[in-house]
Structure formats: structure tokens, C-alpha cells
Amino acid sequence: MRVLVLTGAGVSAESGIPTFRGKDGYWRNLDPTTLATPEAFARDSKLVWEWYRERRERIRTAQPNAAHEAVARLAQQTDEFLLVTQNVDDLHTRAGIPAQRMVRIHGDIFVTRCSRCEFSERGGVGSSEPHMRGRLRSIAPASDNDVNLPWCAKCHALMRPGVVWFGEQLSRNELERVENFIDAGACDVVIVAGTTATFGYIMDWAMRASRDGAKLIEVNPEETSLSRFATRLVRQPAAIALPRIVDALINRGAL
Ligand code: OAD
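Residues numbered from 1 in each chain as written. Predicted model: local features only at pLDDT ≥ 70, side-chain atom pairs only at ≥ 80, totals over all residues. Heavy atoms only, no water.

### Considering the pattern of salt bridges
Counting across every chain of the model gives 13 salt bridges. One salt bridge in this structure joins Arg104 and Asp108, with 3.5 Å as the shortest N-O distance. Classification of Arg104 as buried rests on a relative accessible area of 16%. Among the residues examined, Asp108 registers a relative accessible area of 11% and is labelled buried. Between Glu168 and Arg160 there is a salt bridge; the shortest N-O distance is 2.8 Å. Judged by relative accessible area, Arg160 falls into the buried class, the value being 6%. (Salt bridge = Lys/Arg side-chain N within 4 Å of Asp/Glu carboxyl O. Buried < 20%, exposed > 50% of the residue type's maximum accessible area, 1.4 Å probe, protein only.)

If you want it as C-alpha cells, here you go:
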């Protein structure tokens, strides 16, 4: 079996990570889709870092849910498998998906990279890796409300979270990995779970991977722009639906 799984924020919702466009996604009355931008960072980098630091802390204490575990089980049981996740959390990884079977198309929230040079490292403000915390050079905050800003150890420019923001290019390497998988053959099953599929490339990959009559399964309590192309709609939370779908796929034919 050849399987492509595309996931978004909804898959981590039941682990307590707010989605971007849901009501609980707002932070201090700010819309996350306007915070996750180069413009917001240029305007108020402290505010953006504070938001990311809180998100890192929340992710660090969260646990993978039944949806992440089901996808990991599918990855282990399928010959040709790729997960493409838009999530910058590490819950798919912690559920046991090997790096070579996963593309994190919007980056990794625990990576801190220079906004000017190529320097990057996994760690920094609110890192999940205790030994990395505070390793980056930082300026002392003037007040309790300030967050330490990390500065590049190589070129002294401001460091930023290693994620893709709105309006930014996807990493060429990661893009190539997705394209290579899709070009190498049509899939038998494509699962799109917990995403509004607002980005054209998500729609494009789902459509191309299911080109030769694959099952295109959407798991989402709400309708999305992908819904009308799906061969099967599962209007349930991912942590309920994905374990059932994966069981059925592994036991063959029950779909
Ligand atoms: P969104 O916040 O746009 O959408 C979350 C989707 O999950 C919605 O369609 C919900 O209906 C659905 N959902 C909510 N709870 C769910 C559950 N328990 N089970 C299944 N589905 C559920 O998140 P994304 O589509 O992932 O990009 O957003 C895509 C990208 O836009 C993000 O990676 C981020 C964002 O802004 C960048 O930062 C570039």
C-alpha cells in the first residue's frame, strides 16, 4: 500500500494545542494568523517571541493523542508512506514517526534560527531540551513582562523561531521530498486530517496523490475547501476517527 497523510492543527487540538483559526487560537486577543508573520516580528519581536515561548511551553507539556498514535501505527505498517504535517509541534515525532517518513512543511517550533545568517539550533527560549535553555546569548529584559530576546552567536542579529510564516517560502528540501514522493506513484489512500487546507499546496498534493482513483479521506468536524473532492468524509475529531480508519486499513478492505 502507498499512503500519503496530510495533517494540520486539528490533529493536535485534543492534545490541548489551540488551532490557528479556532476561537481558542486567539492569544491576548490577537489573531495568530497575524502574529505568525514577518511583519509582526519586524514590528514587535518581543511580543512574537513571547507568543512562541508560551506555545513551546504548552507543547512541551502536551502529550501525543490517539490521532498521532494512529498515524504512527499506519507509518509502521505501510511499505510506502509519507506524512506531511503543517504542525510545528513535535507530537507526531513523539508518537513514533521516523524522520524519513515525515515532512514538517512549516518547520519546527523548537528550532531557533538567525534572521540574517544561516545559523540555527534546536533550543533556546522555552526549549523542550533543558540543556539548551538559555544557551543562546540574550539581552536582559528591562521589566518582568519582557522576554529575553535571543541573538545570533555568529553574526549577532536577532534570532527567530524556525518556522515558516505567512508569505514565506517553504524549504526547498522539504518541498522536494513531498514532490518526489508524489511523482514516484499515485497513492492507494490519501488522508487529510485536521486542516482547513487553505494553502494551495495542500490541496494540490492531496489531489495529485489521489490521481488514479485513490481513496481521499477527509477527517474534520467542519467542511473545508477539500471536502467536495473527498471520496469519504469523516466528520469526527481526529482522535476518534483516525484510530478507526487506521484499524480498518490495516485489517484491509473495511473502508
Ligand atoms: P487551522 O487552525 O486553520 O485549522 C484547523 C482545522 O482543524 C479546522 O479545519 C478545524 O475544523 C479542524 N479541527 C478542529 N478540531 C479538530 C479535531 N479535534 N479533529 C480534527 N479536526 C479538527 O489549522 P491548519 O489548517 O493546520 O501556517 O493551518 C494551516 C497553517 O495555517 C498552519 O500550519 C499555520 C497556519 O497559520 C503557518 O504558520 C504558515
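### Considerations on the packing of helix α5 (residues 66-77) against helix α9 (residues 238-250)
Across the interface, α5 lies against α9 with an axial gap of 7 Å and an inter-helix angle of 20 degrees. As the angle between them shows, α5 and α9 are arranged roughly parallel. When you trace α5 past α9, the crossing you get is left-handed. Residues Ala66, Ala67, Ala70, Val71, Arg73, Leu74 and Gln77 of α5 lie in contact with α9, whose contacting residues are Ala238, Ala239, Leu242, Pro243, Val246, Asp247, Leu249 and Ile250. When its residues are assigned to classes, the contact of α5 with α9 shows 12 nonpolar, one polar and two charged. (Axes fitted to C-alpha atoms, helices over the stretch in contact; angles between N-to-C directions. Helix = DSSP H or I, 4+ residues; strand = E, 2+ residues; numbered from the N terminus. Parallel < 35°, antiparallel > 145°, perpendicular 65-115°, else oblique. Left-handed = near helix turned anticlockwise from the far one by under 90°. Contact = heavy atoms within 4.5 Å. Nonpolar A, V, L, I, M, F, W, Y, C, P; charged D, E, K, R; others polar.)

### Here we look at the side chain of Asn87
Note on placement: Asn87 falls in the loop between β2 (80-85) and α6 (91-95). Judged by its relative accessible area of 6%, Asn87 is buried. Looking at Asn87, its side chain comes within polar contact range of the main-chain nitrogen of Ala9, at 3.0 Å. With near-sequence residues (within four places) excluded, Asn87 lies in contact with Thr7, Gly8, Ala9, Val11, Ser12, Arg104 and Gly107. (Polar contact = N/O pair within 3.5 Å; in protein donor to acceptor, adjacent residues only side chain to side chain.)

### Notes on helix α4 (residues 45-61)
With 17 residues, α4 ought to run about 24 Å at 1.5 Å a step, and its terminal C-alpha atoms sit 24 Å apart, in line with that. Along α4, the positions that sit buried rather than exposed are Ser45, Val48, Trp49, Glu50, Trp51, Tyr52, Arg55, Arg56 and Ile59. Contact partners of the buried residues in α4: α2 (32-35), α3 (38-43), α6, β4 (107-114), β7 (149-151) and β8 (159-163). (Expected span 1.5 Å × (residues − 1).)

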